[in-house]
Protein chains: 2
Amino acid sequence: MAVYRTHTTGPEAEHALGLLVPHGTQQLPSQTAGVAGIFHMAGITDDLLAVEQLLLERSRSRSALISAASAHTVRSGGKRLRAALALLAARLGNYRLEWVIHPAASAELIHAASLVHDDLVDQAARRRGRVTVHTRWDNDVALMVGDYFFALAAGEMALSPDPRIITFYAQAVQTIVEGELSPVTHITPLETALAQYYYKTGAKTAVLFEAACKAGMVAGQGSEAEITALGRYGHDLGTAFQIVDDVLDFVGDEHTLGKPAGNDLRQGTITLPLIYAVAAGSSPELHAIIEQSQPDETTVRQAIEEVIALGGVNRAMEEARRLIVRAIDHLAIFPPSAAHRALIDLAHFVIERDI
Amino acid sequence: MAVYRTHTTGPEAEHALGLLVPHGTQQLPSQTAGVAGIFHMAGITDDLLAVEQLLLERSRSRSALISAASAHTVRSGGKRLRAALALLAARLGNYRLEWVIHPAASAELIHAASLVHDDLVDQAARRRGRVTVHTRWDNDVALMVGDYFFALAAGEMALSPDPRIITFYAQAVQTIVEGELSPVTHITPLETALAQYYYKTGAKTAVLFEAACKAGMVAGQGSEAEITALGRYGHDLGTAFQIVDDVLDFVGDEHTLGKPAGNDLRQGTITLPLIYAVAAGSSPELHAIIEQSQPDETTVRQAIEEVIALGGVNRAMEEARRLIVRAIDHLAIFPPSAAHRALIDLAHFVIERDI
């Protein structure tokens, strides 16, 4: 079993981690319990529960339809990484839950809104193993529930202690939306493909991580330098997180991912492992899939093998690790503390996770 | 020509105004130039242009697609009634453009966002005579442009001088969204139909009028009593505005409306004239259309005639006039001023407009 692993999920996930985790490297004890352990050791578990409670309260609506679809969305909420980032950032400064709970909830509400609309654009049937809102109800409900979450986010921001927080989140949403309409269209030349991929990844994931970190630091009354440093940490962390997400689409298993692996290839979505694989060499299987609009399952499976064989996955993971090192460097201006430790552990977790 | 009319638009509009305007009643000179004249006499024309300029600037995006679709949306923007309400409300108090410009722009951005998503749900081909975003581009672009406008609105709110303004707008958006998923399903009994219709109308139009008025009054440093009074004015005004909109679907002409008349009947949307017509009596034509899912044009035309003949339009207009009287009553606590006069004139305009 890999040193950093926290739970086993099957041979494919093992395979994934065989690629992701350098066995026998330095052990970080707090990670043995996974992300929940990191939050526990930093003492934010109760406060994260308070955020969760707030999200559930807010999702109640006068409309029974919105209430049901909103509760469904909140319950599909994942690990609350964005809320945790806001709480941990605030812990680096002058921490008061009442200052940071609304910015933390805002990040999760924006995330929920964008996922619901994102799934609608992609017509994705499932997310994290649960059916999506537009599948369970219909497209109109998904459209309105997304809007409702944006409105709830605006309401939470209004309760935030500083208008800069609203600006961070509003700009993040603008970028998320711009990114949604900017697919990666080039697989070569490498430079163009990488520029498109990093813009897309920034918009899709990194800007909201960044905004949550900065909002938390503002709520913790941090200095401008501290807010900037945390923002950079969040951006690098979010980019690495998305790269790992894209890698898991090649090496993760359906049970762990909550959606079938190879999804990106099937939908013609160009991600970092594919870009690096094509740059490293070429193969008929890869060309076949890039040129097909509806590849069959055999082609998808062969293409996955090719991308791995050409080192695309390994090179993407190297890049993720480089970003994680840089993310941790941004934290150097802060003195040691439980929150500081947790942010470092979280950075390690991001590249070692199998989900 | 009717006393209050500001421009002629054809025989059908004349017919409309024959029903709407009591000829020979008190003349209000500032209305002879229409809504632009009201704004001019209150001295807010330049400031409304500043809002317009801000909206155009904000609609520029890194994404060429979003820029184009946003500019299209801003240019389809109508009379900027919501921005004008915010400016006029602020003028009742301590007016500074830099305090009120962002709340005023927020109202228009929220309105634009909700129209784009509303047209997407309805799959409306045109709005105010211009093609809708999802028709010109596609559904995904319309989804994202709506989100983009919500994000722009959040950004503007962050520049507002008081967090209450954000709360007003955030709650308005929640209600708008709830209303979008709450169609009027009952045409009888009258009480149920009216309750559903007024809830829907409130959500669709009145809450944003109300929020714009309250936001403007907060920006104008008004007292709680003044903010409440302006909010009530806005709610009544917005409800009357929507009733007239629904009436114009029976008596307006396609050229003036920018969409075909009888649209609501064709789509099975139950509005106040129809509710009152059914309550007043019944006719085979009306029953035919209520029970048909895709009525032909002859049926629609006959149903329109029936609704008018049964007094549905007149009774709806009586209700709109009653609300306008009440709206103006809410302004009684303010001393006379150009802005006060303009708010009264605007209330008259709402029930006398033919578009």
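Note that residues are indexed from 1 along each chain, following the sequence as it is written. Written order determines the labels here, with chains lettered from A and ligands numbered from 1. Two thresholds apply to this predicted model, a pLDDT of at least 70 for residue-level local features and 80 or more for giving and counting side-chain atom pairs, whereas whole-chain, interface and lining totals are computed over all residues.

## Section: the overall build of chain A
Argument step 1. Counting from the N terminus, the helices are DSSP H or I runs at least four residues long and the strands are E runs at least two residues long. Looking only at helices and strands, one finds 18 helices and two strands in chain A.
Argument step 2. Of all 355 residues assigned to chain A, the portion counted as buried reaches 55%.
Argument step 3. Contact between two residues is assigned when their C-beta atoms, built from the backbone, lie within 7 Å. Nonlocal contacts in chain A, meaning residues at least 24 apart in sequence, comprise 74% of its contacts between residues at least 6 apart. Whether a residue is buried, exposed or partly exposed follows from its count of other C-beta atoms within 10 Å of its own C-beta, namely 20 or more, 12 or fewer, or something in between, respectively; the C-beta atoms are built from the backbone.

## Let's talk about the relation of the copies chain B and chain A
Argument step 1. Superposition of the copies was done by least squares, using only C-alpha atoms of residues whose pLDDT is at least 70 in both. Screw-axis analysis of chain B against chain A gives a translation of 0.0 Å along the axis, an RMSD of 0.0 Å, and a rotation angle of 180 degrees. Within this description, the copies of the chain are treated as partners about a two-fold rotation axis. Minimal C-alpha distance to the rotation axis in chain B is attained by alanine 154 of chain B, lying at 3.2 Å.
Argument step 2. A share of 100% of the interface residues of chain B reappears at the interface of chain A, consistent with the copies meeting face to face through the same patch.

## Some words on the interface of chain B and chain A
Argument step 1. With 34 residues of chain B at the contact, the number on the chain A side is 34 residues.
Argument step 2. Those elements giving two or more residues to the side of chain B that touches chain A turn out to be α4 (64-75), α6 (97-122), α8 (139-158) and α9 (163-180) of chain B.
Argument step 3. Per-element accounting of the side of chain B that touches chain A gives the leading share, 13 residues, to α8 of chain B.
Argument step 4. Of the residues that constitute the side of chain B that touches chain A, the class distribution is 21 nonpolar, eight polar and five charged. Each residue gets one label: Ala, Val, Leu, Ile, Met, Phe, Trp, Tyr, Cys and Pro are nonpolar, Asp, Glu, Lys and Arg are charged, and the others, such as Gly, are polar.

## Describing helix α11 (residues 224-251) of chain A
Argument step 1. Working rule for helices: expected span equals 1.5 Å times residues minus one. In this model, α11 of chain A (28 residues) spans 40 Å end to end at C-alpha, consistent with the 40 Å of a helix rising 1.5 Å per residue.
Argument step 2. The buried count for α11 of chain A comes to 23 of 28 residues, which makes it a mostly enclosed element.

## Here we look at the environment of serine 282 of chain B
Argument step 1. By secondary structure assignment, the location of serine 282 of chain B is in the loop between α14 (272-280) and α15 (284-291).
Argument step 2. With 14 C-beta atoms counted inside 10 Å, the residue serine 282 of chain B sits in the partly exposed group.

## A word on the nonpolar core
Argument step 1. Take the buried Ala, Val, Leu, Ile, Met, Phe, Trp, Tyr and Cys residues, join any whose C-beta atoms are within 7 Å, and the set you get is a nonpolar core. In terms of nonpolar packing, the biggest core is built from 238 residues, with Ala154 and Tyr169 of chain A together with Ala154 and Tyr169 of chain B touching the most fellow members.
Argument step 2. Among residues more than four places away in sequence, those in contact with tyrosine 169 of chain A are Ser106, Ile110, Ala153, Met157, Ala211 and Ala215 of chain A together with Ala154 of chain B.

## A short note on helix α8 (residues 139-158) of chain A
Residue pairs three or four apart in sequence face the same way in an α-helix, which turns once every 3.6 residues.
Argument step 1. With 20 residues, α8 of chain A should cover 28 Å at 1.5 Å per step; its first-to-last C-alpha distance of 29 Å lies within 8% of that length.
Argument step 2. Within α8 of chain A, 18 of the 20 residues are buried, which leaves it mostly tucked inside the rest of the structure.

## Examining the packing of α15 of chain B against helix α16 (residues 297-309) of chain B
Residues and elements named next belong to chain B.
Argument step 1. Remark: α15 packs on α16, axes separated minimally by 8 Å, with the N-to-C direction vectors making an angle of 125 degrees. As summarised for this structure, α15 and α16 are arranged oblique, according to the angle between their axes. Seen along the crossing, α15 lies across α16 with a hand that is left-handed. Along its contact with α15, which presents Glu285, Leu286, Ala288 and Ile289, the element α16 presents Thr299, Val300, Gln302, Ala303 and Glu306.
Argument step 2. Of the residues contributing to the contact of α15 with α16, the split by class is five nonpolar, two polar and two charged. Axes here mean lines fitted to C-alpha atoms, for a helix over just the part in contact, with angles spanning 0 to 180 degrees between N-to-C directions. With respect to orientation, any angle under 35 degrees is reported as roughly parallel, any angle over 145 as roughly antiparallel, any angle of 65 to 115 as roughly perpendicular, and every other angle as oblique. In this scheme the handedness of a crossing depends on how the near helix is turned from the far one: anticlockwise by less than a right angle means left-handed, clockwise means right-handed.

## Focus: the environment of glutamate 319 of chain A
All names here are of chain A.
Argument step 1. Here glutamate 319 shows up in helix α17 (residues 312-329).
Argument step 2. Taking the C-beta count within 10 Å as the criterion, glutamate 319 has 19 such neighbours and is therefore assigned partly exposed.
Argument step 3. If we ignore the near neighbours within four places in the chain, the residues touching glutamate 319 are Ile243 and Leu272.

## Overview of unusual backbone geometry
Residue and element names in this part refer to chain A.
Argument step 1. The omega torsion of the bond from threonine 188 to proline 189 falls at -10 degrees, within 30 degrees of zero and hence cis.
Argument step 2. As for its position among the elements, proline 189 is in the loop between α9 (163-180) and α10 (190-219).
Argument step 3. A positive phi angle, near 55 degrees, is found at glutamine 221, a position not held by glycine.
Argument step 4. Residue position: glutamine 221 is located in the loop between α10 and α11.

## Some words on the packing of helix α3 (residues 45-58) of chain B against α6 of chain B
Each packed pair of helices is defined by two parameters, the angle between the axes and the distance between the axes.
All names here are of chain B.
Argument step 1. The contact between α3 and α6 brings their axes to 10 Å, and the two run at 60 degrees. Looking at the two axes, α3 sits oblique to α6. Relative to α6, α3 is oriented so that their crossing is right-handed. Mapping the contact onto sequence places Asp47, Ala50, Val51, Leu54 and Leu55 in α3 and Leu97, Ile101, Ala104, Ala105 and Glu108 in α6.
Argument step 2. Of the residues that constitute the contact of α3 with α6, the class distribution is eight nonpolar, no polar and two charged.

## Here we look at the confidence of the model for chain A
Argument step 1. Confidence per residue, as judged by the predictor, is encoded in pLDDT with a range of 0 to 100. Taken as a whole, chain A shows an average pLDDT of 85; of its residues, 88% reach a score of 70 or greater.
Argument step 2. Note on residues 1-32 of chain A: pLDDT is under 50 here. Beyond four places in sequence and across chains, it has 57 contacts.

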